[in-house]
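# A look at the structure
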Amino acid sequence: MRGFLLVFLLLGAAEIGVFVWAGGLIGPWWVVGLILLTGLAGITLAKKEGVETLYRAQRAINNGQVPTREIIDGICIFVGGVFLLSPGFITDIMGFILVLPWTRRVVKPFLLILFKKLLDKKTITFRRF
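To start, this report covers the structure provided alongside it. Here the structure is a predicted model, which means the values were calculated and not measured.

## Examining the packing of helix 3 (residues 68-85) against helix 4 (residues 89-99)
- As a packed pair, helix 3 and helix 4 sit with axes 7 Å apart at the nearest point and diverge in direction by 155°. Put simply, helix 3 runs roughly antiparallel to helix 4. In this structure, the crossing between helix 3 and helix 4 has a hand that is left-handed. From helix 3, Cys 76, Ile 77, Val 79, Gly 80, Gly 81, Phe 83 and Leu 84 reach across to helix 4, where they touch Thr 91, Asp 92, Met 94, Gly 95, Phe 96, Leu 98 and Val 99.

## What about the pattern of salt bridges?
- All chains considered together, the criterion is met by eight salt bridges.
- One salt bridge in this structure joins Arg 56 and Glu 70, with 4.0 Å as the shortest N-O distance. Of this pair, Arg 56 sits in helix 2 (residues 28-62) while Glu 70 sits in helix 3, placing them 14 residues apart in sequence.
- Shared partners join several salt bridges into a network, and the residues in it are Lys 48, Glu 49, Glu 52, Arg 56, Glu 70, Asp 73, Arg 104 and Lys 108.

Parameters and conventions
Residues numbered from 1 in each chain as written. Predicted model: local features only at pLDDT ≥ 70, side-chain atom pairs only at ≥ 80, totals over all residues. Heavy atoms only, no water. Axes fitted to C-alpha atoms, helices over the stretch in contact; angles between N-to-C directions. Helix = DSSP H or I, 4+ residues; strand = E, 2+ residues; numbered from the N terminus. Parallel < 35°, antiparallel > 145°, perpendicular 65-115°, else oblique. Left-handed = near helix turned anticlockwise from the far one by under 90°. Contact = heavy atoms within 4.5 Å. Salt bridge = Lys/Arg side-chain N within 4 Å of Asp/Glu carboxyl O.

Right, dumping it as structure tokens:
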């Protein structure tokens, strides 16, 4: 929990630093405009990718398959959408990496390894009801 708090504080400080740097470079109103533009574009893209992932999951279920890839995609899209909603250029980059399908393919194997480690440590519990 302390690590999460430290990352959260450092990310906020880094975002403020990037805002000040970009504001000095292109002007404060352009920075505000870019933040709004990336937020709108990101949410639109996240919605499109989320709907496509939902349809793929429904097709997999209808074919009698477990939609494991689609679940991982959905988690990535959701977290990426949250990053894109938060103001900042660093979080926007992380959000676009998680939302765009070709960059998400690079991230998914690492997430699968992370989830497997968390399951093995019993940090995440999986139960069938």
